[in-house]
Amino acid sequence: MVSDPGVLGGVGYPRGAVTQSQKLKKEAGIIGLLYAGVGGMIGSGWLFGPLSAAQQAGPLSILAWLIGGVAVLALALVYAELATILPRSGALVHMSHLTHGRLVGRIWGWILVLAYVTIAPVEAVAILSYSDAYIPGLIDHATTSLTPKGIMAAIALLAVMVSLNFFTIRHVLTMNSTATWWKLAVPIGTIFVLLSASYHPENFTIVHEKADVEGLFTAVSTAGIFFSLFGFRQAIDLAGETKNPGRALPIAVIGTVLIGVLLYAALQFAFIAALDPAMLKEGGWPGLRFDHISGPFAALAVAVGAGWWAMILYSDAIVSPAACGFIYTTTASRILMASGETGDLPRWLRLVNRFGVPWLALLVTFGLGALFFFPFPSWHKLVSYISSITVLSYGIGPILLLRLRLSMPEIPRSFKLRGAWLIAPFAFITSNFIILWAGFETVNFLFLLLGAFSLVYAAYYCLTPQSRKEDLDWLHALWLIPYFGGMWLISALGPAELGGNGLYSFTSAMLLVALLSIVTLMLALATTLPETRLREEMAVVANPTVLTGAASARDRSGHLA
């Protein structure tokens, strides 16, 4: 059996190997995709987010959820159209290669992997944070970080989430759908229990001590708002496993966002209304604390005399994060599988077993996820990082949509976004706002990490024999330099409350980011691949059976032979 060389590390895969187009099961319908999205949205975010949002924005935190919802919905609308054009599992990895060639696609492939493999670890940390109430020694309460014992337990939890994904996609979605009913019932029940036990409308008149709206925006990135609302991507990532993507994907994507915004805004309202005003007298909103800080809703239930409901909440603190981590493990493996298909990562990641499961990608998902417990051993440390890298990974969507509208308007679109030339730029600008709001520490780490990946790849490329080197489409990637560099610089010189040196005020920094976004969008659209090359790439991505031999069918210039 002959092997084709993989792009990274010379790893090969057998010609005619089993690929997603041949063996992934098309068993996901509208309900399954909607449950996958809602299941991914209701995880640890609702257990931690409302307290953190209230600390940063007070009563304005309800509006913060709506702002986050508008930003997420704009991106969701963009991807609702893109997903029906290319209904593939791990679709975003394939999309990122279309318009700007190999280097941009490769960079976005790495960004996606770094964004997805950290979700399940976050949920494992959330489970252990609540479990510390009855299994002491998992959390260091001085730092709210995992202890060595907690890290070992978190790795074991991650292993369980990965192991369950070795079932077929139909069984995976069935398990997730069952858990989703519980995950919906508990937050909804919490709203009614808290409001019926304690209702203090005067809390909404207690202004946050900063008396400004900056916390309103920063909460979107750092309180877990964007992190919680981004569950719509589950439907995008499982697009290749649905029979009728043109109908199922838009309903699942948009429906997930709307359900999430309504639920989280109602939870935030109930959280604020149920608080005893005496808790806000000393430290105000920033000083709001509970004895059991790892379980704010459970602590609040006890405080309002609903201790029986606190027991249910502690149970849900296992079910909701576990189910969320479980479904994100599913989609993370699809992202790795797609990265193997495009050559961004070794091609053996694309292999699936006889049950239609990308088993090697699942093992790598576990290995990478376990590594993140060491630099990010707490929930709050991971959330800001994940929010920033996730929105960066999806920020290329508006560019893709507008380029395809210009070059390939004839492509069948079962869902066509109205007002795309207004909504897509708005989505791109708000995506960059969310990166800015995460603060300079997070932005600095994010771009340093990408820089390190780029340097490693540059070293690999330089050491690759000339006969195996590809045309990486360097000229089509130059727009990334002012984009990434500009975002880093604005954040570094931005307001002190976001970790910058204070040269620019909060408003000035946002205006600069909006201007940079528009310039970046124009540069990106002006430096895309020639139309003939774009159509070649679309032919490969749109026809999954081509991918089996796509690597060997390319000449050294990177074009189809």
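Quick notes on the rules
Residues numbered from 1 in each chain as written. Predicted model: local features only at pLDDT ≥ 70, side-chain atom pairs only at ≥ 80, totals over all residues. Heavy atoms only, no water. Helix = DSSP H or I, 4+ residues; strand = E, 2+ residues; numbered from the N terminus. Buried < 20%, exposed > 50% of the residue type's maximum accessible area, 1.4 Å probe, protein only. Contact = heavy atoms within 4.5 Å. Areas by Shrake-Rupley, 256 points an atom, 1.4 Å probe, with all protein chains shown as cover. Phe/Tyr/Trp six-rings, centres within 6.5 Å; stacked < 30°, edge-to-face > 60°. Salt bridge = Lys/Arg side-chain N within 4 Å of Asp/Glu carboxyl O. Core = buried A, V, L, I, M, F, W, Y, C linked by side-chain atoms within 4.5 Å. 1 Å grid on protein atoms, 1.4 Å probe; cavity = no way out; pocket = protein on both sides within 12 Å on 5 of 7 lines; lining within 4 Å. Points joined across faces, edges and corners; volume = space filled by probe spheres on them. Nonpolar A, V, L, I, M, F, W, Y, C, P; charged D, E, K, R; others polar. Expected span 1.5 Å × (residues − 1). Polar contact = N/O pair within 3.5 Å; in protein donor to acceptor, adjacent residues only side chain to side chain. pLDDT = per-residue confidence, 0-100.

## Re the overall build of the protein
Next up, step 1: A count of helices and strands for the protein gives 23 helices and 4 strands.
Next up, step 2: Across the 561 residues that make up the protein, the buried fraction comes to 63%.
Next up, step 3: At a minimum sequence separation of 6, the contacts of the protein that also span at least 24 residues come to 81%.
Next up, step 4: Total accessible area on the protein is roughly 20100 Å²; 70% of this is exposed by carbon and sulfur atoms.

## A word on the packing of aromatic side chains
Next up, step 1: With the rule as written, the count across this model stands at 25 aromatic pairs.
Next up, step 2: For the pair W308 and W309, a centre-to-centre distance of 5.5 Å together with 75 degrees between the ring planes defines the contact as edge-to-face.
Next up, step 3: Here W309 falls in the buried class, since its relative accessible area comes to 10%.
Next up, step 4: Cluster of aromatic residues (ring-pair linked, three or more members): W108, F428, F447, W479, Y483 and F484.

## Let's talk about the pattern of salt bridges
Next up, step 1: By the definition in use, this model includes 5 salt bridges.
Next up, step 2: One salt bridge connects E410 with R535, and the closest N-O pair in it is separated by 2.7 Å. In this pair, E410 sits in the loop between α18 (397-407) and α19 (420-437) while R535 sits in helix α23 (residues 531-542), placing the two residues 125 residues apart along the sequence.
Next up, step 3: With its nearest N and O atoms 3.4 Å apart, the salt bridge here joins E531 to R535. Within this pair, E531 and its partner R535 are both found in helix α23, separated by 4 residues, close to a single helical turn.
Next up, step 4: Among the charged side chains, a salt-bridge network with shared partners connects E410, E531 and R535.

## With respect to the nonpolar core
Next up, step 1: Ranked by size, the top nonpolar core spans 171 residues in total, and within it W108 and F232 carry the most contacts.
Next up, step 2: If you tally residues by element for this core, the top one is helix α4 (residues 61-85), at 14 residues.
Next up, step 3: Apart from residues lying up to four places away in sequence, W108 is in contact with S96, L392, S393, I396, W479, L480, Y483 and F484.
Next up, step 4: L33, A83, A248 and A252 belong to the second largest nonpolar core, which has 6 residues in total.

## Re the layout of surface pockets
Next up, step 1: Here the largest pocket is characterised by a volume of approximately 920 Å³.
Next up, step 2: Looking at the largest pocket, it is lined by 29 residues, and the ones nearest its centre are T222, S378, H380, K381 and S384.
Next up, step 3: Residue composition of the lining of the largest pocket, by class: 12 nonpolar, 14 polar and 3 charged.

## Side note on helix α17 (residues 379-394)
Given 3.6 residues to a turn, an α-helix orients residues that are three or four positions apart in the same direction.
Next up, step 1: Helix length check: α17, at 16 residues, gives a terminal C-alpha distance of 22 Å against a target of 22 Å (1.5 Å per residue), a fit within 8%.
Next up, step 2: α17 sits mainly inside the fold: 14 of its 16 residues count as buried.

## A look at helix α7 (residues 119-131)
Next up, step 1: With 13 residues, α7 extends 19 Å between its outermost C-alpha atoms, agreeing within 8% with the 18 Å of an ideal straight helix rising 1.5 Å per residue.
Next up, step 2: Counting buried residues along α7, 13 of its 13 residues qualify, which places the element largely inside the surrounding structure.

## Some details on the side chain of R334
Next up, step 1: Considering the arrangement of structural elements, one finds R334 in helix α15 (residues 307-342).
Next up, step 2: Using a relative accessible area of 1% as the deciding quantity, one classes R334 as buried.
Next up, step 3: Engagement of the side chain of R334 in a polar contact is seen with the side chain of S333, the distance being 3.2 Å.

## Considerations on the environment of L112
Next up, step 1: Counting through the fold element by element, L112 comes out in helix α6 (residues 101-116).
Next up, step 2: Look at L112 and you get buried, because its relative accessible area is 0%.

## Some words on the confidence of the model for the protein
Next up, step 1: Averaged over all residues, the pLDDT of the protein equals 81, while 84% of them reach at least 70.
Next up, step 2: Segment residues 1-24 is flagged for pLDDT under 50; beyond a separation of four residues in sequence, or across chains, it makes 73 contacts in the model.
Next up, step 3: Throughout residues 545-561 the model reports pLDDT below 50, and contacts reaching past four residues in sequence, or to other chains, amount to 44 contacts.

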